[in-house]
Amino acid sequence: MFHGFNRIARSKVYIAAILCISIGGIVVALFFLINQLKQSYQASTTIEEVLTKIGEARRAEKDFLLKDFNSEVFIRTGKSTFFDKNQQILQESDSLIKILQKISVCQSEKNELALVALQQDLARYNTAFETVGKLYRERGFNDMGLEGQMRVAVYFVEEANFPTDKTDLLLLRREEKDFFLRKDKHYVKTFAYQLNKFQNKIDSIIAGGKSPEIGDHVKAALETYGVVFFKIVEIEKRVGLDENEGLRKEMNLTYQKIQTDIATINSDLNQYAHTAIRWIVGILILLIALSIIGLAVSSYLFKRLVVTPIQELTTITQHIAEGNIDTSLAISLHHNSLNKLLAGFSKVVDRLQQTSQHLTEISEGKLETDIVVASSKDKLNNSLLHLTRQLRLLKEEETRQNWINVGYARIAEILQRNAEITVISHEVLRELIQYVRACQGAIFVELPDTDILEMKACIAFDKKKYIQKQIDKSFGLVGQCWKEGEYIYMKEVPQDYPAITSGLGDATPRSILLVPLIANHTKEGVLELASFHYFEPHEIQFLEKVGQSIAATFAHLKMVEALHQRKNYASL
């Protein structure tokens, strides 16, 4: 009588085992996909870091070509702050690419080829930049390198006791200087014409019997001068007379290719992440379906295991009532354990439904959902909770970085305008006050060859304040910031700090931030901001970064102004 019951019980165990194994396999696949998704986000973050570093390398390249390529230290030793910074950043970028190559989601054939292409483009860019450095060292400047040889030769011609018209030499040197200043091939042709004309005159003088020995030396020196000049011209052409020629063009094209490589890798990683999310959602739906099937099977077994024992018990009762006491009463009611199984399946279904809903919200970018972890052994929801926290942190960091990048771009657009320092100071200060929600601010700039900082701009409540103010470098918070070269952030404003006056009355700011304007270890001024709220760490980071760009622009404007003054002085 109980043989069929035991067979049904064994069937229940077999079916439960099959369901458990199936669900276990699917859960393993789910963990694998979640891990792949995490790796995809890690790879995306790393490739963005590579792009950022390459942008920094480009800025170091431009700073080198603008400020350092003709410095005496670089020409004699090959050492340059910007050149070395470029090389270091490229090495760091290569290290990041090697890290990417070890991440499993980047080991597909397409991504492997893209990463190899990226490495090759970086190497090509690095080779071109190193070649530019070698060529500029060979070229030299003033009394060094080829330019030094050229000057020695032309000085000999100038000082030689030979009856030549110095006007011809002056015209020749003017063509030389015009080419070096403007990088125009037209001056190379006029230089060649003046050189040939001058050489013919020297030949005529020598043929006339005037100082033939000195004349031969002068002619040889002039020929050396011309040869060396044309060598320098070839170096300039190879480097590139502008952005669209020579090695400079090659570096620009290579940089564009690098951007394309990174965009390709990023696109593939994003596609991979979206595919992984779809698979995860699909697997969770399958888990729910299997759970429902398991629940249905359990319900069926529940009927079999409850109804049959009751019927058997009724039969046994009837036998006992008839006096048949030989019937065995050893019957086990399994409906309690079945209820526990059903309850367990119900909980599994509920939790899987919750997990599916959480993943759907995550795939839609909703990261604020609360995930309940049943216990420390709940690995699925623990992993999901960890993933949600990581994605939330990544999203917050991305938001902050986007805020910084947008603000930096807006300031960079202002700094690229060709204007005086005072005009740029007012425009930059107005933009910064609005962007960081400050209530007032000022920009102080160092007066050359003095211990004075002059206020170039002052704005409060979005209104320009025309204030003539000069302070000593050792005076007050501004002087302290200048001296220490570090930002000063005060949440407790001194009582003697000026109140902010507007149409609403007077008010004392809640916090003060002073940021030194430093570029390439050179101080240019101080940025002072006051606000009715506290500055966030990423706002301070943004202002420090912007401060470097402002300082670099001020330094550039000062250099351009100095060059104009020299040019005007030379033309007098």
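Everything below is about the structure shown above.
Residues numbered from 1 in each chain as written. Predicted model: local features only at pLDDT ≥ 70, side-chain atom pairs only at ≥ 80, totals over all residues. Heavy atoms only, no water.

Draft legend 1. Highlighting the packing of helix 6 (residues 166-182) against helix 7 (residues 186-207). At a minimum axis distance of 9 Å, the contact between helix 6 and helix 7 shows a crossing angle of 160°. Taken together, the axes of helix 6 and helix 7 are roughly antiparallel relative to one another. When you trace helix 6 past helix 7, the crossing you get is left-handed. Contacts from Asp168, Leu169, Leu171, Leu172, Glu175, Glu176, Asp178, Phe179 and Arg182 of helix 6 reach helix 7 at Tyr187, Val188, Thr190, Phe191, Gln194, Leu195, Phe198 and Lys201. (Axes fitted to C-alpha atoms, helices over the stretch in contact; angles between N-to-C directions. Helix = DSSP H or I, 4+ residues; strand = E, 2+ residues; numbered from the N terminus. Parallel < 35°, antiparallel > 145°, perpendicular 65-115°, else oblique. Left-handed = near helix turned anticlockwise from the far one by under 90°. Contact = heavy atoms within 4.5 Å.)

Draft legend 2. Molecular detail of the packing of helix 3 (residues 81-102) against helix 4 (residues 109-139). Axis separation between helix 3 and helix 4 bottoms out at 11 Å; the angle between their running directions is 170°. For the element pair helix 3 / helix 4, the angle class is roughly antiparallel. Mapping the contact onto sequence places Phe83, Asn86, Gln87, Leu90, Ser93, Asp94, Ile97, Lys98, Leu100 and Gln101 in helix 3 and Leu115, Val116, Leu118, Gln119, Leu122, Tyr125, Asn126, Phe129, Glu130 and Gly133 in helix 4. A per-class count over the contact of helix 3 with helix 4 returns ten nonpolar, seven polar and three charged. (Nonpolar A, V, L, I, M, F, W, Y, C, P; charged D, E, K, R; others polar.)

Draft legend 3. Geometry of the pairing of strand 9 (residues 522-531). In terms of burial, strand 9 is largely enclosed, as eight of its ten residues are buried. Of the strand pairs in this sheet, strand 1 (residues 440-446) and strand 9 are connected by six bridges, and their pairing is antiparallel. Each bridged residue has a counterpart across the sheet, and for Gly441 the counterpart in strand 9 is Leu529. (Buried < 20%, exposed > 50% of the residue type's maximum accessible area, 1.4 Å probe, protein only. Pairing = 2+ DSSP bridges.)

Draft legend 4. Summary view of the packing of aromatic side chains. On inspection of all chains with the given rule, the structure shows 18 aromatic pairs. Ring geometry for Phe74 and Phe83: centres 5.7 Å apart, planes at 45°, overall tilted. Note on Phe83: relative accessible area 11%, which makes it buried. A centroid spacing of 5.0 Å and a plane angle of 65° characterise the contact between Trp403 and Phe542, whose relative ring orientation is edge-to-face. Remark: Phe542 occurs in helix 14 (residues 537-571) and Trp403 occurs in helix 11 (residues 379-415); sequence separation between them is 139 residues. Overall, Phe542 belongs to the buried group, its relative accessible area being 0%. (Phe/Tyr/Trp six-rings, centres within 6.5 Å; stacked < 30°, edge-to-face > 60°.)

Draft legend 5. Looking closely at the environment of Asp451. If you trace the backbone, Asp451 turns up in the loop between strand 1 and strand 2 (452-460). When the C-alpha positions of Asp451 and Lys473 are compared, they lie 5.6 Å apart, and in sequence the two are 22 residues distant. In contact with Asp451, not counting residues within four places along its chain, are Ile471, Asp472 and Lys473.

Draft legend 6. Spatial organisation of the pattern of salt bridges. For the structure on display, the rule yields 25 salt bridges. Residue Lys110 is joined to Asp268 by a salt bridge in which the shortest nitrogen-to-oxygen separation is 3.9 Å. Placement of Lys110 in helix 4 and of Asp268 in helix 9 (residues 246-321) is noted, with a sequence separation of 158 residues between them. With its nearest N and O atoms 3.9 Å apart, the salt bridge here joins Arg174 to Glu175. Judged by relative accessible area, Arg174 falls into the partly exposed class, the value being 47%. (Salt bridge = Lys/Arg side-chain N within 4 Å of Asp/Glu carboxyl O.)

Draft legend 7. View of a nonpolar patch on the surface. A surface patch of nonpolar side chains, about 250 Å² in accessible area, is lined by Leu66, Met559 and Leu563. According to the relative accessible area criterion, Met559 is partly exposed, its value standing at 31%. (Patch = residues over 30% accessible without salt bridge, like charges linked within 9 Å, V, L, I, M, F, W, Y side chains within 5 Å. Areas by Shrake-Rupley, 256 points an atom, 1.4 Å probe, with all protein chains shown as cover.)

Draft legend 8. Local environment of helix 7. The end-to-end C-alpha distance of helix 7, which contains 22 residues, comes to 32 Å, matching closely the 32 Å that a straight helix rising 1.5 Å per residue would cover. By the burial criterion, the buried members of helix 7 are Tyr187, Val188, Phe191, Gln194, Leu195, Phe198, Ile202, Ile205 and Ile206. Projected onto a plane normal to the axis of helix 7, the buried residues spread over an arc of 125° and lie on a single side. Of the residues in helix 7, the exposed ones pointing more than 90 degrees away from the buried face are Lys189, Tyr193, Ser204 and Ala207. (Expected span 1.5 Å × (residues − 1). Arc of directions from axis to C-beta.)

Draft legend 9. A look at the pairing of strand 8 (residues 511-519). Counting buried residues in strand 8 gives eight out of nine residues, a clear majority hidden from the surface. Where strand 8 lies against strand 9, nine bridges are found, and the strand directions are antiparallel. Looking at strand 9, one finds that Val515 is bridged to Leu527. Connecting strand 8 to the antiparallel partner strand 9 that follows it, the hairpin turn spans two residues, and Asn520 within it adopts a positive phi of roughly 55°.

Draft legend 10. Molecular detail of unusual backbone geometry. One non-glycine residue, Asn142, lies in the positive phi region at around 55°. Structurally, Asn142 is set in the loop between helix 4 and helix 5 (145-159).

Draft legend 11. Structural detail: the side chain of Thr553. Assignment of secondary structure puts Thr553 in helix 14. Classification of Thr553 by relative accessible area gives buried; the value is 13%. Ignoring sequence-local partners within four residues, the contact set of Thr553 consists of Leu415 and Ile424.

Draft legend 12. Spatial organisation of the side chain of Asp68. One can find Asp68 in helix 1 (residues 3-68). Although Asp68 lies buried, it forms no salt bridge, and the closest oppositely charged side chain, Lys67, sits 9.1 Å away as judged by the N-O distance. In terms of polar contacts, Asp68 uses its side chain to reach the side chain of Ser80, at 2.6 Å. Residue contacts for Asp68: discarding those within four places in its chain leaves Asp63, Phe74, Ser80, Thr81 and Phe82. (Lys, Arg positive; Asp, Glu negative; His and termini not counted. Polar contact = N/O pair within 3.5 Å; in protein donor to acceptor, adjacent residues only side chain to side chain.)

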